[in-house]
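One letter stands for each residue in the lines below.
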Amino acid sequence: MARLHAEERRRQLLEAAREEFLRVGPGSARVSDIADRAGVNVALLYRYFDSKEQLFEEAIVEPLAQLMRTPLLTSPVPTMPDMIEAFYRALLGVLIEYLEVFHVVLFSDRAAGQDFYQRRIAPYMDQIAAHSASADTVWSQALDPKLTTPMCVGMCWGVAMDSHFRGAEVDVDTTVAALTAITIGGLSRAAALGIGPPATG
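Residues numbered from 1 in each chain as written. Predicted model: local features only at pLDDT ≥ 70, side-chain atom pairs only at ≥ 80, totals over all residues. Heavy atoms only, no water.

1. What about the overall build of the chain?
At step 1: Each helix and strand counted, the chain has eight helices and zero strands in total.
At step 2: Sequence-distant contacts in the chain: of pairs separated by 6 or more residues, those separated by 24 or more amount to 69%.
At step 3: Of the roughly 11700 Å² of accessible surface on the chain, 54% is carried by carbon and sulfur atoms. (Helix = DSSP H or I, 4+ residues; strand = E, 2+ residues; numbered from the N terminus. Contact = heavy atoms within 4.5 Å. Areas by Shrake-Rupley, 256 points an atom, 1.4 Å probe, with all protein chains shown as cover.)

2. A word on the side chain of E20
At step 1: Positionally, E20 belongs in helix α1 (residues 6-24).
At step 2: Judged by its relative accessible area of 2%, E20 is buried.
At step 3: Apart from residues lying up to four places away in sequence, E20 is in contact with G25, A29, D33, I34 and R37. (Buried < 20%, exposed > 50% of the residue type's maximum accessible area, 1.4 Å probe, protein only.)

3. Quick word on the packing of α1 against helix α2 (residues 31-38)
At step 1: At a minimum axis separation of 8 Å, α1 and α2 run at an interaxial angle of 125 degrees. On the basis of their axis angle, the class for α1 and α2 is oblique. Pair α1 / α2 crosses with right-handed handedness. Here α1 contributes Q12, L13, A16, A17, E19, E20, F21 and R23 to the contact with α2, which in turn contributes D33, I34, R37 and A38.
At step 2: Taken together, the residues of the contact of α1 with α2 break down into six nonpolar, one polar and five charged. (Axes fitted to C-alpha atoms, helices over the stretch in contact; angles between N-to-C directions. Parallel < 35°, antiparallel > 145°, perpendicular 65-115°, else oblique. Left-handed = near helix turned anticlockwise from the far one by under 90°. Nonpolar A, V, L, I, M, F, W, Y, C, P; charged D, E, K, R; others polar.)

4. What about the environment of R18?
At step 1: As for its placement among the helices and strands, R18 is situated in helix α1.
At step 2: Taking the C-alpha atoms as reference points, R18 and I60, 42 residues apart in sequence, are found 6.2 Å from one another.
At step 3: Setting aside anything within four residues of it in sequence, one finds R18 in contact with A59, I60, Y98 and V101.

5. Let's talk about the packing of aromatic side chains
At step 1: Evaluation of the coordinates by the stated rule reveals three aromatic pairs.
At step 2: Ring geometry for F21 against F56: centres 5.1 Å apart, planes inclined by 85 degrees, an arrangement best described as edge-to-face. Here the residue F21 occupies a position in helix α1, and F56 occupies one in helix α4 (residues 52-68), the gap between them amounting to 35 residues.
At step 3: Residue class for F56 comes out buried when judged on its relative accessible area of 17%. (Phe/Tyr/Trp six-rings, centres within 6.5 Å; stacked < 30°, edge-to-face > 60°.)

6. Some remarks on the packing of helix α5 (residues 80-107) against helix α7 (residues 145-166)
Angle between the axes and distance between the axes: these two values describe a pair of packed helices.
At step 1: With their axes 9 Å apart at the nearest point, α5 and α7 run at an angle of 70 degrees to one another. With respect to their mutual orientation, α5 and α7 come out roughly perpendicular. In this structure, α5 meets α7 at a crossing whose hand is right-handed. Contacts between α5 and α7 involve F87, Y88, L91, L92, L95, I96, L99, E100, F102, H103, L106 and F107 on the former and, on the latter, C152, V153, M155, C156, W157, V159, A160, M161, H164 and F165.
At step 2: Of the residues that constitute the contact of α5 with α7, the class distribution is 19 nonpolar, two polar and one charged.

7. Here's the deal with the nonpolar core
At step 1: Core analysis: the biggest nonpolar cluster contains 50 residues, and F21, L55, I60, Y88, F102 and F116 have the highest contact counts within it.
At step 2: For this core, the secondary-structure elements that each account for two or more residues are α1, α2, α3 (42-48), α4, α5, α6 (110-134), α7 and α8 (172-186).
At step 3: For this core, the element with the most residues is α5, which contributes 13 residues.
At step 4: In this structure, L55 is in contact with L13, L14, A17, F21, I34, L45, F49 and I60, ignoring residues within four places of it in sequence. (Core = buried A, V, L, I, M, F, W, Y, C linked by side-chain atoms within 4.5 Å.)

That's the geometry; what it means functionally is another story.
What follows is the structure, encoded as structure tokens:
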């Protein structure tokens, strides 16, 4: 067993735990198998982590939580098409890379998945919706962003999931162009087509 600095060893154990949780799910993962995957004994693993639950939290849940705290758009974009395209490109990249992790966190345990969604994903979606609603000159739409935001995210999720289970690589440029065209041609022109919430007054 190679001697590693404490932080390097910790990272190694978390990577082994992540691989094992993704392979068999949190319910079936065993600490002994995680230790074997890392090439260490169980006693050494327990010097760094108190339980399998702590491993799952730090290897799977916390990286996703950190991801959900990171803005998709980190710099301003000049036009509506540019903004929408940048949004889809960033979101698609995240979902392609982390799809398996999202599935483990959201669907391995119903209560835990609902808790993660309500604490982490729902506020993130609300932020995107609020940004869309306030960006009238950039992303103008007649429909309620609280309704359309999950739809837009869902399109990216569907593409990522389809490519994952087909074992096919996503043509990101073509996909982003199609998603942008759908969004501009649909959401942004809904008012012209008379589609939208009923008038109040």
